[in-house]
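Examination of the molecular architecture
If you want the building blocks of each chain, they are given just below.
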Amino acid sequence: MNEHIHPDDAARSLAEVRRRKEQIVALSRIPGWFRWTVALLAVVLAAGLDSRRPLLIGVGTTVFVLGLLIALGVIFGRGWSRATPRHDLLGPRAGLVIVAFVGLVLLVNLPTTFLLQAAGSPLPATVGAVAGGVVMIVGGPIVARYLRRLADDGR
Amino acid sequence: MIPPKFDELIHAPTRLSIVALLAAAEDAEFRFIRDSVGLSDSALSKQLTTLEEAGYVEIRKSFVGKRPRTSARLTTVGRAAFDQHVSALQQIVAQAGRTVRPDGATQ
């Protein structure tokens, strides 16, 4: 029975529950350097494609794939080897927000590339990747803040 | 709506921290729990054993390469008990007409 539990004690316990949840949520948080890395790797890949030289395309693709794998390995190896956040911790809305954000990056990147290509630009994919990268770097923290709020609300 | 049910076993401060940590995770490594909650190996083992005997926690021992890895996870029973306990705490706070601030203080 809980008649003897003081409301202050209950509130402190709820705050502790919240702190522990935040601690786990922090493990799944994508650090800022990851966005910069992905944006930079995308530019390297795009520059390789723009060169139209097989060797540079190969180098760009290799750097992109290896770089991405290493970055993902660092993130998942660091946090998730200690504790695996629950899949439903952020709720379905978080998944939609992430998908929408990736869509937005592509929505900026691809049309920019195709428009510049049509206009005869020598570096359409590179400029498109830079534009997408800017969206990723500027918009990333906003999305991260929103996801944190969703986790706090328990939605 | 989760039915409130106060759980004396979970409410003990150390166990509440452990269970709250596990409730947010699929599973957690023994060392991670120990360091997070600030317990010695033996103290954490004792608490986990208590929770395991109550059917709230499942302890797994495995190997990552050659390194032994001990992890813990909440069972379905443990998760339900935790949810009901949190619901009971919320009810106590609500009945007192208070709200909880992030720092744990009430207003």
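The coordinates are above.
Before going into details, it helps to say that this report is about the structure given with it. Each chain carries its own residue numbering, running from 1 in the written order of its sequence. Here every chain gets a letter starting at A, and every ligand a number starting at 1, in the order they are written. Local features in a predicted model are, by the rule used here, given only for residues with pLDDT of at least 70; side-chain atom pairs are given and counted only at 80 or more, and totals for whole chains, interfaces and linings are based on all residues.

Points about the overall build of chain B
This is how it is decided: Note on conventions: DSSP H or I runs of at least 4 residues are helices, E runs of at least 2 residues are strands, and numbering of each starts at the N terminus. Each residue is classed by its C-beta neighbour count within 10 Å, where at least 20 other C-beta atoms makes it buried, 12 or fewer makes it exposed, and intermediate counts make it partly exposed; the C-beta atoms are placed from backbone geometry. A pair of residues counts as a contact when their C-beta atoms, built from backbone coordinates, are within 7 Å of each other.
Looking only at helices and strands, one finds five helices and three strands in chain B. Dimensions along the principal axes, computed over C-alpha positions, put chain B at roughly 55 × 25 × 20 Å. Across the 107 residues of chain B, 34% fall into the buried class. Intrachain contacts of chain B at a sequence separation of at least 6 include 52% that bridge at least 24 residues.

Quick look at the nonpolar core
For the record, the criterion: By convention in this section, buried Ala, Val, Leu, Ile, Met, Phe, Trp, Tyr and Cys residues joined through C-beta atoms within 7 Å make up a nonpolar core.
Ranked by internal contacts, the top residues of the largest apolar core, which has 35 residues, are Val-19, Leu-21, Leu-22, Ala-28 and Ile-33 of chain B. Sorting the residues of this core by element identifies α1 (7–27) of chain A together with α2 (13–23), β1 (25–29), α3 (30–37), α4 (41–53), β3 (67–74) and α5 (76–95) of chain B as the ones contributing at least two each. Sequence-distant contacts of Ala-28 of chain B, defined by excluding residues within four places in its chain, comprise Arg-82 and Ala-83 of chain A together with Leu-21, Leu-22, Ile-33, Ser-71 and Ala-72 of chain B. Within the second largest apolar cluster, ten residues are counted, among which are Val-38, Leu-45, Ala-125 and Ala-129 of chain A.

Some words on helix α4 (residues 92–118) of chain A
How we decide: Each helix should span, by expectation, one fewer than its residue count multiplied by 1.5 Å.
Its 27 residues give α4 of chain A an end-to-end C-alpha distance of 39 Å, which sits within 8% of 39 Å, the value for a rise of 1.5 Å per residue. Residues of α4 of chain A that are buried: Val-105, Asn-109 and Thr-113 of chain A.

What to know about α4 of chain B
All names here are of chain B. Worth spelling out the cut-off: The directions considered for the arc are those from the helix axis to the C-beta atoms.
With 13 residues, α4 extends 18 Å between its outermost C-alpha atoms, agreeing within 8% with the 18 Å of an ideal straight helix rising 1.5 Å per residue. Regarding α4, the residues found buried are Leu-44, Gln-47, Leu-48 and Leu-51. Looking straight down α4, one finds that the buried residues subtend no more than 95° of arc, so they occupy a single side. Facing away from the buried side of α4 by more than 90 degrees, the exposed set consists of Ser-42, Thr-49 and Glu-53. Gly-55 occupies a position one or two residues after α4 and carries a positive phi of about 80°.

Some words on the pairing of strand β2 (residues 57–64) of chain B
In summary, the side chains of a regular strand alternate between the two faces of the sheet. Residues and elements named next belong to chain B. Quick note on the threshold: Strand pairing is assigned whenever DSSP detects at least two bridges linking the two strands.
Bridge count for β2 against β3 is eight bridges, and the pairing is antiparallel. In the strand pairing of β3, Phe-63 is matched with Pro-68. Count of turn residues in the β2/β3 antiparallel hairpin: two residues, of which Gly-65 carries a positive phi of about 70°.

Some thoughts on the environment of Leu-16 of chain B
Considering the arrangement of structural elements, one finds Leu-16 of chain B in helix α2. Separated by 66 residues in the primary sequence, Leu-16 of chain B and Phe-82 of chain B have C-alpha atoms spaced 8.7 Å apart. Ignoring any residue separated from it by four or fewer positions in sequence, one finds Leu-16 of chain B in contact with Ser-13 and Glu-16 of chain A together with Ile-10 and His-11 of chain B.

Structural notes on the interface of chain A and chain B
Opposite the 24 residues of chain A that make contact, chain B presents 27 residues. Put simply, the parts of the chain that give the side of chain A that touches chain B at least two residues each are α1 and β1 (83–85) of chain A. By residue number, the principal contributor to the side of chain A that touches chain B is α1 of chain A, which donates 15 residues. Two strands pair when backbone bridges link them, and β1 of chain A and β1 of chain B are joined in this way by three bridges, in the antiparallel orientation. In the strand pairing of β1 of chain B, Ala-83 of chain A is matched with Ala-28 of chain B.

By themselves, these figures tell us nothing about what the structure is for.
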